[in-house]
Amino acid sequence: MQVTSMPYGKYDYSKNPMNRKIPGSRGGEESFGNAVEKVEKEEKGEALSIAIAGKGAIGHGVRAVLLEESTPDRPIIQVTSNYNGKREFFNIDISKVDPRNATEMEMFALCSYADATGKGSGDSLGSYHTLHISAALAKYNNYSGELNDAPPSWEQFTEKKIDWTEMGKFTVDVFKDSKDIKMIELVLWENKLLNFFSDHIKKISEDILHDDLA
């Protein structure tokens, strides 16, 4: 099971701040549909990763599990939280997650699935960790799009939809010519993640078109 930690302290975000900007979130018009269903109980599956969400000195844990009912065309990730000491369960249909317009909880599930299928960023701490590093660097370099706090509040984690692809492209563009080995590594990770997002969007869009024509 992948343990995802927060990126603080690994990168010096403010050493060479830049001022490049690109447009932010595209809004909800391109979403594939409602990917999240809150359910009453924990279901069986393969544990994939854990992370911390929510503000405060401790925050709270979230866990991603690939459910046994999953199929290659419709993988289901169950995210379990212990927010305010209460266990809650959310089933996330990966085939409906649009990284151009998704909550951070949806992206935690999608990144966990990418790692489980060998298509993630290659970051030893997981693709969700790569996503967090990219978002933090984007914020420190005046990204003009929407971003969550770091760490996000529970409301941001579960409700706020963001264009994660544009954020990733921004970070890659800012640091693509860096000579710092850590930044070179980050750009490599983020490009791999962006390629996964692109393939995912293409596949789901083709499936939707096929269903519309059927």
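Located above this text is the structure these notes cover.
Residues numbered from 1 in each chain as written. Predicted model: local features only at pLDDT ≥ 70, side-chain atom pairs only at ≥ 80, totals over all residues. Heavy atoms only, no water.

Asks: So what's going on with the layout of surface pockets? Residues and values would help.
Replies: When its volume is computed, the second largest pocket comes out at roughly 220 Å³. Considering the residues around the second largest pocket, the lining is formed by 14 residues, among which Tyr113, Lys119, Phe196, His200 and Lys203 are closest to the centre. Those elements that place two or more of their residues in the lining of the second largest pocket are helix H1 (104-116) and helix H5 (181-213). Looking at the lining of the second largest pocket residue by residue, the classes come out as seven nonpolar, three polar and four charged. (1 Å grid on protein atoms, 1.4 Å probe; cavity = no way out; pocket = protein on both sides within 12 Å on 5 of 7 lines; lining within 4 Å. Points joined across faces, edges and corners; volume = space filled by probe spheres on them. Helix = DSSP H or I, 4+ residues; strand = E, 2+ residues; numbered from the N terminus. Nonpolar A, V, L, I, M, F, W, Y, C, P; charged D, E, K, R; others polar.)

Asks: Can you lay out the packing of aromatic side chains for me, pointing to particular residues and giving the numbers?
Replies: Counted by the stated rule, this structure contains six aromatic pairs. On the numbers, 5.2 Å between centres and 55° between planes, the contact of tyrosine 143 with phenylalanine 170 is tilted. With tyrosine 143 in the loop between helix H2 (127-140) and helix H3 (154-159) and phenylalanine 170 in helix H4 (residues 164-175), the pair connects residues that are 27 residues apart, well separated along the chain. Taken as a pair, tyrosine 143 and phenylalanine 170 share a single burial class, namely buried. Note on phenylalanine 196 and phenylalanine 197: the rings are 6.1 Å apart at their centroids and 55° apart in plane angle, and the pair reads as tilted. By way of ring pairs, the aromatic residues Tyr83, Phe90, Trp154 and Phe157 are connected into one cluster. (Phe/Tyr/Trp six-rings, centres within 6.5 Å; stacked < 30°, edge-to-face > 60°. Buried < 20%, exposed > 50% of the residue type's maximum accessible area, 1.4 Å probe, protein only.)

Asks: Give me the lowdown on the pairing of strand E6 (residues 88-93), citing residues and values where you can.
Replies: On a regular strand, each side chain points to the face opposite its neighbour's, so the side chains alternate between the two faces of the sheet. Burial of E6 is extensive: six of the six residues sit out of reach of the surface. Residues Glu88, Phe90 and Ile92 point to one face of E6 and Phe89, Asn91 and Asp93 to the other, with burial holding for every one of them. Two elements, strand E2 (residues 36-39) and E6, share four bridges in a ladder whose sense is antiparallel. Bridging from a neighbouring strand, glutamate 37 pairs with asparagine 91 of E6. With antiparallel pairing between neighbouring strands as the criterion, strand E5 (residues 76-81) and E6 make up a hairpin whose turn holds six residues, including asparagine 84 at a positive phi of roughly 55°. (Pairing = 2+ DSSP bridges.)

Asks: Give me the lowdown on the environment of isoleucine 94, citing residues and values where you can.
Replies: Here isoleucine 94 shows up in the loop between E6 and H1. For the pair isoleucine 94 and alanine 35, spaced 59 residues apart in sequence, the C-alpha separation works out to 6.9 Å.

Asks: An account of the pattern of salt bridges is requested, with residue identities and associated values reported.
Replies: By the definition in use, this model includes ten salt bridges. Close ionic contact of glutamate 42 with arginine 63 constitutes a salt bridge, the shortest N to O distance being 2.3 Å. Separated by 21 residues along the polypeptide, glutamate 42 in the loop between E2 and strand E3 (45-53) and arginine 63 in strand E4 (residues 60-67) bring together distant segments of the chain. Accessibility expressed as a relative area gives 39% for glutamate 42, which makes it partly exposed. (Salt bridge = Lys/Arg side-chain N within 4 Å of Asp/Glu carboxyl O.)

Asks: Tell me about the packing of H1 against H2, residues and numbers included.
Replies: Each packed pair of helices is defined by two parameters, the angle between the axes and the distance between the axes. Relative to each other, H1 and H2 sit at 130°, their axes nearing to 7 Å. Regarding the angle of H1 to H2, the classification is oblique. Two secondary-structure elements touch here, H1 through Glu104, Met107, Phe108, Cys111 and Asp115 and H2 through Ser127, Tyr128, Leu131 and His132. A breakdown of the residues in the contact of H1 with H2 according to their chemical character gives five nonpolar, two polar and two charged. (Axes fitted to C-alpha atoms, helices over the stretch in contact; angles between N-to-C directions. Parallel < 35°, antiparallel > 145°, perpendicular 65-115°, else oblique. Contact = heavy atoms within 4.5 Å.)

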